[in-house]
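These are the residues of each chain, in order.
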Amino acid sequence: MKIVILVKQVPEADKVAVDPETGTLIREGVASILNPYCEYALDQAAKLKKDNPELNIEVTAISMGPPQAKIALLRCLELGADKAYLLSDRKFAGSDVWATSTAIKEGIVGLEPNFDLILAGKQAIDGDTAQVPAETAEQLGVPQITYGVDVVITDKRVEVKRETETGYQILSTKMPALVTMSKGSNIRRIPSMQDVLEARKKPLKVVSADDLNIEESKVGLSASPTQVDKIFAPPAKSGGQIIDGSDPKAAARKLFDYLKENKFLRA
Amino acid sequence: MLNVDIETCIGCKICERVCPFAAIIVEPETKKAKVLEGCTLCGTCVGACPVNALSIERKAVSEEEISLYKNVFIWGEWEKKEGKKVIKNVVLELLGKGKDLAEKLGESLAVVLPGNDVGHLVPELFHHGADKVFLCEHELLEDYSTDGFTSVIASVIASEKPSIVLYGATPNGRDLAPRIAGRLALGLTADCTGLDINESRQLVQIRPAFGGNIMASILSPYTRPQMSSVRPNVFPKPEADVSKTGVLEEVEVTLKPVSIRTKIIEEIVYHEESINIEEANILVSAGRGVGSKDNLQYIEELAEAVNGTVSGSRALVDLGWLPQPQQVGQSGKTVAPTLYIALGISGAVQHLVGMTSSDTIVAINKDKEAPIFEVADFGIVGDMFEIIPEFVKIIKEEKAKKVN
């Protein structure tokens, strides 16, 4: 059985700061990491492998990004993927959701056409749009289940526990299918020294648009229906009243007065 | 694409400095600007160039084709509450915004309402501004399914040709909208915080980029309809006008059981009347500063004292101290209560984007440099574990006074 994991390298967003004078992003020293939700997908794949030894599950990680995104794929190999492909080409630059999912679809069709299951993170922490996996599933013509927290394979079907706004539902669909993973019971693991060493021996290939016979007109900025029109600084909020709380009693009284004055406290 | 007029470029490097994407550099050898692959055509450098050496060339499209698409559509999402189907609040919020957009365009506002036995929801949609409702009823639409809802809505879009389609960025909205975009090869802008119409009658979609550090306005110039999703609580809900009616169009739906490939095996409702932080009036929210799971009792005590609901930052959810539905922020929920009390929350941008629409923000934090104070209306630099018990004591004293 073949599982494909879709992954993305993201900036460690907590640390992205803005230069107060120019209003532009300070990039120096911002580390790139594997998107945490992608790690849950990898963890789910590792679990399926362990629980279903008879299925001979092979896990392929696929990402699209600049050459340095190889580092994120190396982490996938450390976390149990058997091989990895990076779709990297200047022609992919500027791709929006549609163009990105087109490139990924072509990548899957070209590299792992006989997949049974695609696992992805529910969203990436840099954009948080949660759109690329679903558009990829649509382009591949396979069913999708989003916000999964646990996946079980039964015969030719997958059964997924899916988070809803009020609890959970158990959904079942025939493979091939795509499932996106929310956190659930999956734990982000720390690879062992042995995992790290073994990952270096696993295949990691960089693939270009030409390798996949993707026409230039189908990907990248020019194939993207959405275009960035302008970039601007968010409106600043005017400063409020900040008091010193070293005397807790006095501070608590001031807070009480403030809330009372603004009618937040019920009589 | 972004073009550099090599003759005009003076190699001043202003473009290099202003580019938010580090996608343009001045090459040391040629001393001329060069565009790199990260360019998104955002135009920041074009405006900054002192000698007008930069220009953006965009693909032209026939206006005739674009002008065939008219009217603003909204997906009428409902949910089941105690077995009854009710319209989600975000739909009413979108009706308010949608009306505004439709009026600017001189077009009408419609709701696409797929479901089984959902006709009773129609009047509420008219009352909140819909001019028309496309009622798409079928027994296979009793529950939400990706396949069923995608095919019904995509076919209404294909035949009716709206210029704009809006979706609530709820879990099911985020499941559905990209599926429709994929089917019809359309652009889709997620989690918009602002929507407007420009002088070219295009939908201007504003959303935070890079976790809210900067805002981007996004256009879909060459494709129709233009599609966006908006999170709950971003736009205000319009007042209902119960005298208003509209046109009801019943759409014939043809679906077969095989066309819905996912089956619901079980539905587990944990908390129907659960903690819904999106609808809470007062939120008492905790961050990493609480230090331990036991210390959450301080937060709960304060919440009880002010009749608030407990929420928290991603750090607490990742630690397993708080359930995910109570998470505020970019990867959690966007909230806009009348009062938001942030305790031990430093205020990372990912958290701020989820709560800055709150009417009033109160923060207690030990670190006076914490970014949360930049958005707070009332802030206390101090130890919450000392201040909260004192505050709760005052509340109790005041209540006792009243009783006496």
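Worth saying up front: this structure is predicted, and the values here are computed from it rather than measured.

1. Digging into the overall build of chain B
A tally of regular secondary structure across chain B gives 12 helices and 22 strands. Taken along the three principal axes of its C-alpha coordinates, chain B extends 80 × 65 × 40 Å. In chain B, which comprises 404 residues, the proportion classed as buried is 49%. Sequence-distant contacts, at least 24 apart, represent 63% of the contacts inside chain B between residues at least 6 apart.

2. Overview of the domain arrangement of chain B
Residues and elements named next belong to chain B. You can read the domains of chain B as domain 1 (2-56), domain 2 (64-259) and domain 3 (282-403). Each side of the interface is counted separately: domain 2 has 8 residues, and domain 3 has 9 residues. Here the side of domain 2 that touches domain 3 is built from residues that sort into 3 nonpolar, 4 polar and 1 charged.

3. What to know about the sheet that holds strand β7 (residues 83-87) of chain A
Sheet architecture is open: 10 strands sit in the order β13(A)-β7(A)-β6(A)-β1(A)-β8(A)-β12(A)-β9(A)-β10(A)-β11(A)-β17(B), paired in mixed fashion. In this open sheet, the two edge strands, each paired with only one partner strand, are β13 (204-207) of chain A together with β17 (262-269) of chain B. Between one strand axis and the next, the sheet turns through 30 degrees on average, direction left out of account. Sheet topology note: the strand β1 (residues 2-7) of chain A/strand β8 (residues 117-121) of chain A ladder contains 4 bridges and is parallel. Bridge pairing in β8(A) links A:Leu6 to A:Ala120. Sitting on the sheet, helix α1 (residues 36-51) of chain A touches β1, β6 (58-64), β8, β9 (144-154) and β12 (177-181) of chain A, and the angle it makes with β8(A) is about 145 degrees.

4. Comments concerning the nonpolar core
Of all hydrophobic cores here, the largest spans 111 residues; its most connected members are A:Ile5, A:Ala41, A:Cys76, A:Leu119, A:Val179 and B:Val112. Once you skip the residues sitting within four places of it in the chain, B:Val112 turns out to touch B:Phe73, B:Trp75, B:Gly76, B:Phe134, B:Cys136, B:Ile153 and B:Val156. The next biggest cluster of nonpolar side chains, apart from the first, holds 52 residues, and it includes B:Ile282, B:Leu343, B:Ile345 and B:Ile372.

5. A few points about the pairing of strand β7 (residues 84-87) of chain B
Residue and element names in this part refer to chain B. Taken together, the 4 bridges between strand β6 (residues 78-81) and β7 define a ladder with antiparallel strand orientation. In the sheet register, Lys 81 faces β7, and the bridge partner there is Lys 84. Between the antiparallel neighbours β6 and β7 lie 2 residues, among them Glu 82 with a positive phi of about 50 degrees.

6. A short note on the packing of helix α6 (residues 248-261) of chain A against helix α12 (residues 384-403) of chain B
Direction vectors running N to C along α6(A) and α12(B) enclose 55 degrees, while the axes themselves pass 8 Å from each other. Accordingly, the angle class assigned to the pair α6(A) and α12(B) is oblique. Considering how the two elements wind past one another, α6(A) and α12(B) form a crossing that is right-handed. The segment α6(A) lies against α12(B), with A:Pro248, A:Lys249, A:Ala251, A:Ala252, A:Arg253, A:Leu255 and A:Phe256 engaging B:Glu386, B:Ile387, B:Glu390, B:Phe391 and B:Ile394. Looking at the contact of α6(A) with α12(B) residue by residue, the class counts come to 8 nonpolar, no polar and 4 charged.

7. Notes on the interface of chain A and chain B
Contacts between the two partners involve 75 residues from chain A and, on the opposite side, 88 residues from chain B. Listing elements by their share of the side of chain A that touches chain B, those giving two or more residues are α3 (97-111), α4 (132-140), β9, β11 (167-174), β14 (227-232), β15 (241-244) and α6 of chain A. Each residue belonging to the side of chain A that touches chain B can be placed in one class, and the counts come to 33 nonpolar, 24 polar and 18 charged. Relative to strand β14 (residues 214-219) of chain B, β14(A) runs antiparallel, the two being bridged by 5 bridges. Residue pairing in the sheet places A:Ile231 in a bridge with B:Ala216 of β14(B).

8. Some details on unusual backbone geometry
The linkage connecting A:Met175 with the following residue, A:Pro176, adopts the cis geometry, with an omega of 5 degrees. Its location among the elements puts A:Pro176 in the loop between β11 and β12. Residue B:Arg224 is joined to B:Pro225 through a cis peptide bond whose omega torsion reads -10 degrees. As for its placement among the helices and strands, B:Pro225 is situated in the loop between β14 and β15 (226-230). Backbone geometry at A:Asn56 places phi at a positive 45 degrees, although glycine is not the residue there. Here A:Asn56 is to be found in the loop between α1 and β6. The backbone of B:Asn307 shows a phi angle near 60 degrees, a positive value even though the residue is not glycine.

9. Concerning helix α4 (residues 89-105) of chain B
All names here are of chain B. Relative to the 24 Å expected for 17 residues at 1.5 Å per residue, α4 spans 25 Å between its end C-alpha atoms, a close match to the ideal helical length. Those residues of α4 that fall on the buried side of the exposure criterion are Val 90, Val 91, Leu 92, Glu 93, Leu 94, Leu 95, Lys 97, Gly 98, Leu 101 and Ala 102. At the exit of α4 stands Gly 106, carrying a positive phi of roughly 70 degrees.

10. Some remarks on helix α2 (residues 70-78) of chain A
By the burial criterion, the buried members of α2(A) are A:Ala72, A:Leu73, A:Arg75, A:Cys76, A:Leu77 and A:Glu78. The first or second residue beyond α2(A) is A:Gly80, which carries a positive phi of 115 degrees.

11. As for the sheet that holds strand β21 (residues 360-365) of chain B
Pairing in this open sheet of 6 strands is parallel, and the strands run β15(A)-β22(B)-β21(B)-β20(B)-β18(B)-β19(B) from one edge to the other. In the strand order of this sheet, the two ends are held by β15 of chain A together with β19 (309-312) of chain B, each with one partner. Adjacent strand axes in the sheet meet at a mean angle of 20 degrees when their direction is disregarded. Pairing of β21(B) with strand β22 (residues 378-381) of chain B involves 4 bridges; the strand directions are parallel. Within β22(B), the residue paired with B:Asn365 across the bridge is B:Val381. Against the sheet, helix α8 (residues 296-305) of chain B engages β18 (282-286), β19 and β20 (339-343) of chain B, with an angle of about 170 degrees to β18(B).

12. A word on the packing of α8(B) against α12(B)
Residues and elements named next belong to chain B. Interhelical geometry of α8 versus α12 gives an angle of 30 degrees and a closest axis separation of 10 Å. If you check the angle between α8 and α12, you find them roughly parallel. Helix-helix and strand crossings are classified by hand; for α8 and α12 the assignment is left-handed. Contact residues: α8 offers Tyr 298, Glu 301, Leu 302 and Ala 305, while α12 offers Met 384, Phe 385, Ile 388, Phe 391, Val 392 and Ile 395. Split by residue class, the contact of α8 with α12 holds 9 nonpolar, no polar and 1 charged.

The rules behind the values
- Residues numbered from 1 in each chain as written.
- Chains lettered and ligands numbered in written order.
- Predicted model: local features only at pLDDT ≥ 70, side-chain atom pairs only at ≥ 80, totals over all residues.
- Helix = DSSP H or I, 4+ residues; strand = E, 2+ residues; numbered from the N terminus.
- Buried ≥ 20, exposed ≤ 12 C-beta atoms within 10 Å, placed from the backbone.
- Contact = placed C-beta atoms within 7 Å.
- Domains from an automatic or database assignment.
- Nonpolar A, V, L, I, M, F, W, Y, C, P; charged D, E, K, R; others polar.
- Pairing = 2+ DSSP bridges.
- Axes fitted to C-alpha atoms, helices over the stretch in contact; angles between N-to-C directions.
- Core = buried A, V, L, I, M, F, W, Y, C linked by C-beta atoms within 7 Å.
- Parallel < 35°, antiparallel > 145°, perpendicular 65-115°, else oblique.
- Left-handed = near helix turned anticlockwise from the far one by under 90°.
- Expected span 1.5 Å × (residues − 1).

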